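Here is how the chains run, residue by residue.
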Amino acid sequence: MTSIRSTAAQMAEALSAGTITSVELTQAHYERIGEVDSEVHAFLYLDKEGALAQAAQSDAKRNSGEIQSPLAGVPLALKDLLTQKGIPTTCGSKILEGWRPPYDSTVVAKLKAAGVVILGKTNMDEFAMGSSTENSAYGPTHNPWDLTRIPGGSGGGSAAAVAAFEAPLAIGSDTGGSIRQPAAVTGTVGVKPTYGGVSRFGLIAFSSSLDQAGPCARTVLDAAMLHEVIAGHDEKDSTSINAPVPQVVKAAKKLDVKGMKIGVVKELQGEGFQAGVLERFHDGLDALVSCGAELVEVSCPAFDYALAAYYLIAPSECSSNLARFDSMRYGIRIGDDGVRGAEEVMKLTRHEGFGPEVKRRIILGTYALSSGYYDAYYGSAQKVRTLLMRDFNAAFAKADVLVSPTAPTTAFKIGENVDDPLAMYLNDIATIPVNMAGIGGMSLPCGLAPEDGLPVGFQIMAPAMRDDLMYQVGGALEATLLAKWGAPILDSAPLLAAK
Amino acid sequence: MAAISRDDVAHLAKLARIDMSNAELDHLAQEMSVILDAVARVQEVAGSDVPPTSHPIPVNNVVREDVVLPSLSQEDSLSGAPAQAEGRFKVPQILGEE
Amino acid sequence: MALNYDQAVAKYDPTLGLEVHVELNTNSKMFCGCSTEFGAEPNTQTCPVCLGLPGALPVVNGKAIESSILIGLALNCSIAPFSRFARKNYFYPDMPKNFQTSQYDEPICVNGYLDVEIETEDGPKQFRVEIERVHMEEDTGKSLHVGGATGRIHGAEYSLLDYNRAGIPLVEIVTKIVGGTGKYAPEVARAYVTELRDILRSLGVSDVKMEQGSMRCDVNLSLAPIGSGSLGTRSETKNVNSLRSVERAVIGEVIRQANRLEAGERIVQETRHFLEESGQTRPGRSKEQAEDYRYFPEPDLVPVVPDSAWIEELRATLPEKPSNRRKRLQIEWSVPDKEMSSLVNAGLLDVVEETIKLGAEPTRARSWWLGEISRLANEREVDPTSLITPGQVAVVISLIESGELTDKLARQVVEGVVAGEGTPADVITKRGLKVVSDDGALMTAIEAAIAAQPDTALRVRGGNIPAAGALIGAVMKATGGQADAAKVRELLLKHLGQGE
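Residues numbered from 1 in each chain as written. Chains lettered and ligands numbered in written order. Predicted model: local features only at pLDDT ≥ 70, side-chain atom pairs only at ≥ 80, totals over all residues. Heavy atoms only, no water.

> So what exactly am I meant to see when it comes to the confidence of the model for chain B here?
Caution applies to low-pLDDT parts of the model: their predicted coordinates are not meant to be read in detail. Considering every residue of chain B, the mean pLDDT works out to 92; 95% of them sit at 70 or more. Interface confidence for the predicted complex, expressed as ipTM, amounts to 0.96; the pTM equals 0.88. (pLDDT = per-residue confidence, 0-100.)

> For this particular structure, what's the right way to read the packing of aromatic side chains?
The relation between two aromatic rings is expressed through the spacing of the ring centres and the mutual angle of the planes. With the rule as written, the count across this model stands at 20 aromatic pairs over all chains. Ring centres 6.0 Å apart and planes at 75° place the aromatic pair Phe 127 of chain A and Phe 354 of chain A in the edge-to-face group. In this pair, Phe 127 of chain A sits in the loop between strand 3 (117-122) and helix 5 (156-163) while Phe 354 of chain A sits in the loop between helix 11 (342-353) and helix 12 (356-369), placing the two residues 227 residues apart along the sequence. Residue classification places Phe 127 of chain A among the buried positions, given a relative accessible area of 1%. Here Phe 354 of chain A falls in the buried class, since its relative accessible area comes to 3%. When the centroid spacing of 6.1 Å and the interplanar angle of 75° are considered together, the rings of Phe 325 of chain A and Tyr 330 of chain A count as edge-to-face. Side by side, Phe 325 of chain A and Tyr 330 of chain A carry an identical accessibility label, which is buried. Following the ring pairs from residue to residue traces out a cluster consisting of Trp 99, Phe 127, Phe 325, Tyr 330 and Phe 354 of chain A. Above the ring of Phe 165 of chain A, the side-chain terminus of Arg 5 of chain A is found at 4.1 Å from the ring centroid. The aromatic ring of Tyr 293 of chain C is capped on one face by Lys 88 of chain C, whose charged end is 4.5 Å from the ring centroid. (Phe/Tyr/Trp six-rings, centres within 6.5 Å; stacked < 30°, edge-to-face > 60°. Helix = DSSP H or I, 4+ residues; strand = E, 2+ residues; numbered from the N terminus. Buried < 20%, exposed > 50% of the residue type's maximum accessible area, 1.4 Å probe, protein only. Lys NZ or Arg CZ within 6 Å of the ring centre and 35° of its normal.)

> In this structure, what is going on with the sheet that holds strand 3 (residues 88-92) of chain B? I would like to understand it.
Remark on secondary structure: sheet strands pair via backbone hydrogen bonds, oriented parallel or antiparallel. Read across the open sheet, the 4 strands follow the order 2(B)-3(B)-9(C)-8(C); overall the sheet is antiparallel. Pairing within the sheet leaves two strands with one partner each, and these edge strands are strand 2 (84-85) of chain B together with strand 8 (142-146) of chain C. In terms of strand pairing, strand 2 of chain B meets strand 3 of chain B through 2 bridges, oriented antiparallel. Opposite Gln 84 of chain B, over in strand 3 of chain B, you have Phe 89 of chain B as the bridge partner. (Pairing = 2+ DSSP bridges.)

> Teacher, can you tell me more about the packing of helix 10 (residues 306-321) of chain A against helix 13 (residues 375-398) of chain A here?
The description of two helices packed together rests on the angle between their axes and the distance between the axes. All names here are of chain A. For the pair helix 10 and helix 13, interaxial distance at closest approach is 9 Å and the crossing angle is 125°. One finds that helix 10 runs oblique with respect to helix 13. When the axes of helix 10 and helix 13 are compared, the crossing they make is left-handed. On helix 13, the residues that touch Ala 306, Ala 309, Leu 312, Ile 313, Ser 316 and Glu 317 of helix 10 are Tyr 377, Tyr 378, Ala 381, Gln 382, Val 384, Arg 385 and Leu 388. (Axes fitted to C-alpha atoms, helices over the stretch in contact; angles between N-to-C directions. Parallel < 35°, antiparallel > 145°, perpendicular 65-115°, else oblique. Left-handed = near helix turned anticlockwise from the far one by under 90°. Contact = heavy atoms within 4.5 Å.)

> Would you mind showing me how to read the interface of chain A and chain C here?
Each side of the interface is counted separately: chain A has 39 residues, and chain C has 31 residues. The largest per-residue losses of area from chain A upon contact with chain C belong to Ser 238, Arg 324 and Arg 329 of chain A, which jointly make up 24% of the total buried on that side. The tally of links from chain A across to chain C stands at 1 salt bridge. As a salt-bridge pair, Arg 200 of chain A and Asp 300 of chain C come within 3.0 Å of each other at their nearest N and O atoms. Where chain A touches chain C, the interface holds 18 residue pairs in polar contact (both at pLDDT 80 or more). Those elements that provide at least two residues to the side of chain A that touches chain C are helix 10, helix 11 and helix 12 of chain A. Element by element, the count of residues in the side of chain A that touches chain C is highest for helix 10 of chain A, at 4 residues. (Buried area = accessible area lost by both parts, 1.4 Å probe. Salt bridge = Lys/Arg side-chain N within 4 Å of Asp/Glu carboxyl O. Polar contact = N/O pair within 3.5 Å; in protein donor to acceptor, adjacent residues only side chain to side chain.)

> Would you take a moment to explain helix 2 (residues 22-39) of chain B for this structure?
The periodicity of an α-helix, 3.6 residues per turn, causes residues three or four places apart in sequence to face the same way. Between its first and last C-alpha, helix 2 of chain B extends 25 Å over 18 residues, near the 26 Å set by a 1.5 Å rise per residue. When we look at burial in helix 2 of chain B, the residues that qualify are Leu 25, Leu 28, Ala 29, Glu 31, Met 32, Ser 33, Ile 35, Leu 36 and Val 39 of chain B. The elements touched by buried residues of helix 2 of chain B are helix 10, helix 12, helix 13 and helix 14 (421-425) of chain A together with helix 1 (6-15) and helix 3 (42-45) of chain B. (Expected span 1.5 Å × (residues − 1).)

> What should I look at first to understand helix 12 (residues 424-431) of chain C in this one?
All names here are of chain C. Looking only at helix 12, the buried set comprises Pro 424, Val 427 and Ile 428. The arc that holds every buried residue of helix 12, seen down its axis, measures 100°, which confines them to one face. Exposed side of helix 12, more than 90 degrees from the buried face: Thr 429 and Lys 430 are the residues found there. The inward-facing, buried residues of helix 12 contact helix 10 (390-401) and helix 11 (407-418). Immediately downstream of helix 12, the backbone of Gly 432 shows phi near 60°, a positive value. (Arc of directions from axis to C-beta.)

> What is the right way to read unusual backbone geometry from this model?
A negative phi holds for most residues other than glycine; trans holds for most peptide bonds. Across the junction of Gly 153 of chain A and Ser 154 of chain A, the peptide omega takes the value 5°, indicating a cis bond. Mapping Ser 154 of chain A onto the fold places it in the loop between strand 3 and helix 5. Positioned with a positive phi, Ser 334 of chain C is a non-glycine residue whose angle comes to about 40°. Note that Ser 334 of chain C resides in the loop between helix 6 (322-333) and helix 7 (337-345).

> For this particular structure, what's the right way to read the sheet that holds strand 2 (residues 75-79) of chain A?
All names here are of chain A. Spatial strand order, 1-3-2-4-6-5-10-11-9-7-8: 11 strands in an open sheet with mixed pairing. One side of each edge strand has no neighbouring strand; the edge strands of this open sheet are strand 1 (43-46) and strand 8 (294-298). On average, each strand axis in the sheet is tilted by 30° relative to the strand beside it, whichever way the strands run. Where strand 4 (residues 169-173) lies against strand 6 (residues 213-217), 5 bridges are found, and the strand directions are antiparallel. Its bridge partner being in strand 6, Leu 169 is matched across the sheet by Ala 217. Each of strand 1, strand 2, strand 3, strand 4 and strand 6 is contacted by helix 5, which is oriented at about 160° to strand 4, the strand it contacts most. Across the sheet, helix 7 (residues 220-230) is in contact with strand 2, strand 4, strand 5 (189-192), strand 6 and strand 10 (440-448); its angle to strand 6 comes to roughly 150°.

> Any chance you could explain the side chain of Lys 359 of chain A here in plain terms?
Counting through the fold element by element, Lys 359 of chain A comes out in helix 12. Residues within four places of Lys 359 of chain A in sequence aside, it is in contact with Arg 350, His 351 and Phe 354 of chain A together with Ile 18, Met 20 and Glu 24 of chain B.

> Help me understand the nonpolar core in this model?
As a rule of thumb, nonpolar side chains are buried together in soluble globular proteins. Counting residues in each nonpolar core, the largest one holds 244 residues, and the members touching the most others are Leu 111, Phe 127 and Tyr 471 of chain A together with Ile 173 and Tyr 192 of chain C. Those residues in contact with Phe 127 of chain A, other than ones at most four positions away along the chain, are Cys 91, Ser 93, Ile 95, Leu 96, Ile 204, Phe 206, Leu 322, Phe 325, Phe 354 and Val 358 of chain A. Core analysis: the second largest hydrophobic core is formed by 37 residues, Leu 399, Ile 400, Ala 410 and Val 413 of chain C among them. (Core = buried A, V, L, I, M, F, W, Y, C linked by side-chain atoms within 4.5 Å.)

> So what exactly am I meant to see when it comes to the interface of chain B and chain A here?
Each partner contributes residues to the interface: chain B has 54 residues there, and chain A has 63 residues. With both chains or domains summed, chain B and chain A bury close to 4,800 Å², and 70% of this area falls on carbon and sulfur atoms. Across the contact surface, chain B and chain A share 3 salt bridges. Two residues, Glu 31 of chain B and Arg 360 of chain A, come together in a salt bridge whose shortest N-O distance is 2.7 Å. Connecting chain B to chain A are 16 residue pairs in polar contact (both at pLDDT 80 or more). Here the element with the most residues in the side of chain B that touches chain A is helix 2 of chain B; it accounts for 9 residues.

> How do you make sense of the state of the cysteines when you look at a structure like this?
Throughout this description, disulfide means a covalent bond between two cysteine sulfur atoms. Following the criterion strictly, the structure yields 0 disulfides over all chains and no others. A disulfide-free cysteine, Cys 91 of chain A has its sulfur positioned 12 Å from the sulfur of Cys 318 of chain A, the nearest such atom. Residue classification places Cys 91 of chain A among the buried residues on the basis of a relative accessible area of 1%. Looking at the unpaired Cys 47 of chain C, the closest cysteine sulfur is the one in Cys 34 of chain C, lying at 3.7 Å. (Disulfide = S-S within 2.5 Å.)

> Would you explain the pairing of strand 11 (residues 455-462) of chain A in this entry?
Each regular strand carries side chains that alternate between the two faces of the sheet. Residue and element names in this part refer to chain A. For strand 11, the buried fraction is high: 8 of the 8 residues fall into the buried class. Residues of strand 11 alternate between two faces, with Pro 455, Gly 457, Gln 459 and Met 461 on one and Val 456, Phe 458, Ile 460 and Ala 462 on the opposite face, all of them buried. Inspection of the sheet shows strand 9 (residues 401-405) paired to strand 11 by 4 bridges, in the antiparallel sense. Bridging from a neighbouring strand, Val 403 pairs with Ile 460 of strand 11. The pairing of strand 10 with strand 11 spans 7 bridges and is classified as antiparallel. When the bridges of strand 11 are listed, Pro 445 appears paired with Gly 457. Counted along the chain from strand 10 to the antiparallel partner strand 11, the turn is 6 residues long, and its residue Gly 453 has a positive phi close to 70°.

Here it is, written out as structure tokens:
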């Protein structure tokens, strides 16, 4: 019997078998949202009317025998930094309050073309800057495992929606870990595809050379199915890769890692990692070994500098990307009293419209790009990027994929780190190298930390354009762990399981 | 210790067109100093023999044909405008250079 | 006592630098598919990309790269094997992203030169103007200032923005410093911009209309005491939008700076605006500190790496250098210098050459384009080349040469074509503009003229040949100007016993 707790693949099958309609499925999800979202606050906007119309259209097509894509009729939650024509898009920022884009992002266009039903827009750290979703101008999202804790960030809304069964699938974006870290702390699956694998057209830029949209799901196969819908070359994005999309669905179904070499990154499992996180990570390693994979230790010394380089590159690019929010063409406008000039109004609007973290990064980036400082900061950070890529190349010469814990800790308490930006930045220590090198990364659950009973994420990193390898390893690991646990990990989420 | 003064932050805020109170400037100057101290370590490893990487995936020469494609309508172009008049974006007076 | 120009250049040596912005004539914008057509309703040639909407991404127009390389090749530049776009960050409401996508330290073409010739007291002299770089960038939108006393920016109550022009491809051509011109700095500046304009026109990459802003020039100028061997502080004069203004701006700045220096004042490094009416410059808003543009490589675009085979392919298509072509045509057509420059300045060289290629005699071709057609164009305030084709002009000239049209009839034919009545043949048929050369019809008119002026006829019979003019005039009038005047004269004189 299909329910909101089914996987997306099961829902797709039921739709195709005619045991449920897309309208029923969509309504069931809105009911769930109605029940739990006042507590979780995963969504910023619900497009009930549009979604039900989409669902009805999908049902009509199915009835008329039209061949549809595998995910047609399955509902999805969309991170609020992808444009959807006519639907409010805020990026979690006050400065974009009320803005309705006049165009669809390529990801949305592909979702629509595939008949996927878009339920609404999910909460996020303002302009994707953060690791906790506390930086949203519209209030934090709560972790379905423990409402007093953060759901990760920046894509906490998307991950929480999937974890709380408000949507079987969601789209996130990952600049330094914004898909993977929320997946880790909510017990879900999140994938950052190879840079250029999914079009960035219509993805509101935080850091252009790092941003990448990707799937959020409850299983590796579901993520793969969504991955194939949104990936592919796009002429509107100059950095989009013009090559066939890796066959990730096929890879996720293989469930075979015999003889594969798994590189364990030495630098990502010591100091600063919670004991229970490391313990569960080793359970994951054991599971892979039990499937016939071979572990090799790899060393990536430049990883120690990745965080520092990231916190120069991302703010630098964001200081330029966010310059357009100036109240002239869209968004809110503050202080236009008919006397003040444009420059003054821009300054007031940006003061009111941006939150503290966004301002902090804009100022940091402005500094790093200033003449006289460029070489020392931005320039050096770009060199570290080269070193990181060299480390990855060397490591991938020894191993098919690399693995590490996704995040150093389980979900922390809301408010715990807000006053310490550096401590907050440490959450991304294991995820950032992947963005810097443009390769693919996946997080999937590998158990609950014994000390707090909260989910732990296992990260798999694959070479550029070999996203299929992480799905292959992820699929096998997931199956092995599921067999061991006897039930999906989300069934043990104490709070919402009861609902 | 990278010392960032309030004046430094004020200058950056001006470049970035963000209005800031003195309290905000002071607070940010303090934070910036701490953050810059932490990120300055990028200078330790990257020698002059290391080329910078700005694009993670090496691709060159992506161009499009010189073909006119449909534009947005005037209504759609102006749909987000806080104010408009005569088919144009209406903005506060622009002071300064022509 | 203020120094005049001659006194100024007797004491100070000017050094020039010229930055020319050219709008390319591509069909679509630099980074998106919006049309570049001039004169559309505001904000109708705009899309998420050129409006800088959140999420939009640029894709480079391949034709713009090709045009830039052609310009570089024509200016003897090296084409960079690796070139990139950067972001130039500064806030201005006419710039939708608050950064301009431009090229910074990795331009597409570098290190070229252009030789120009000027007239000096010692005869023609050649100067080599070295080119530092040719780079690509995008234009800004246009602002309209409403309210206030003058409509200028100060005192405006609000501004209106139209982004149709935002993102139109621009190429900026920057010279190295041009020294050693001495007092000929104004002439060298003008000759350089003129030659550059002609080259760009011959390449077909831009409309190069300075008055419409598709070509704009900034003049940098500094003075140093003659023989000092040093360089002075420079000013940058913007808004110089005609060839004559280029020359006048240099003169104006030389005089202004020389007089400041004479008075013991410093030259401030600043942006100045050229004033068309007075030929002087006025300061722009002084900047409190040098703008910090925080350039960095544009992460949304990938590098431009032109392969050498393509560059050679483009090089092979380069047209003859305009200065060489002018010299060649001037000799071929035996045109006086002054008329040649009129043709060039009027932008009529191509159409005249085309008309001549189609068989027209060079002198007639020139005089029709410079004369009647230019006159009609002036009346209508349009470009002469938009009124009539070289082919049509060649047909009209051939009909004059064969005697089928008189000059007067030919003017009517041209007027008809310009008025949209069709081809020359159509106009001739519709308006019935045939030369009357039928003997019978002419004789009737001649006899009528003699009958009307018997005394004049008598004088002609008596050998007073010039008196025949009055009778010929009467015949021409009677035939509505359509008679072949030479034929009338021949028949008339024969009839009055004066033929051979």
